[in-house]
Amino acid sequence: MAIPALQPTAPKSEAEIDEEVASLAKRHRISPAIVREIMRRAGATDRTLIEREIAKGKARR
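Small disclaimer: the values here were computed from a predicted structure and weren't measured.

Definitions and cut-offs
Residues numbered from 1 in each chain as written. Predicted model: local features only at pLDDT ≥ 70, side-chain atom pairs only at ≥ 80, totals over all residues. Heavy atoms only, no water. Core = buried A, V, L, I, M, F, W, Y, C linked by side-chain atoms within 4.5 Å. Buried < 20%, exposed > 50% of the residue type's maximum accessible area, 1.4 Å probe, protein only. Helix = DSSP H or I, 4+ residues; strand = E, 2+ residues; numbered from the N terminus. Contact = heavy atoms within 4.5 Å. Salt bridge = Lys/Arg side-chain N within 4 Å of Asp/Glu carboxyl O.

Ile-17, Val-21, Leu-24, Ala-25, Ile-30, Val-35, Ile-38, Met-39, Ile-50 and Ile-54 form the largest nonpolar core, which has ten residues in total. At four residues, the largest contribution of residues to this core is made by helix α1 (residues 14–28). Contacts of Ile-38, omitting those with residues within four sequence positions, involve Ile-50, Glu-53 and Ile-54.

Below is the structure:
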């Protein structure tokens, strides 16, 4: 049985990114600007990575 190759993910459109930012901001009760700043610093739009960074920030407070 062969292991299927991982499919590269297509880059997200600006609308998809905006939707993702809005949902993360609402879920974590933070400003969308903060979510965008975390995305910019992390250099990625991966939801799990961003949520991990949000949790780190909340732990510092």
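Proximity of charged atoms lets side chains of opposite charge pair with each other. Per the stated rule, a full pass over the model turns up eight salt bridges. Arg-40 is the salt-bridge partner of Glu-37, the closest N and O atoms lying 2.5 Å from each other. One end of the pair is Glu-37 and the other is Arg-40, both in helix α2 (residues 32–42) and three residues apart, which spans about a single turn. With relative accessibility at 28%, the residue Glu-37 sits in the partly exposed group. Residue classification places Arg-40 among the exposed positions, given a relative accessible area of 57%. Between Glu-51 and Arg-47 there is a salt bridge, and its shortest N-O distance comes to 3.7 Å. Here Arg-47 and Glu-51 lie together in helix α3 (residues 47–60), a separation of four residues that amounts to about one turn. Arg-47 gets classed as partly exposed once you look at its relative accessible area, which sits at 29%.

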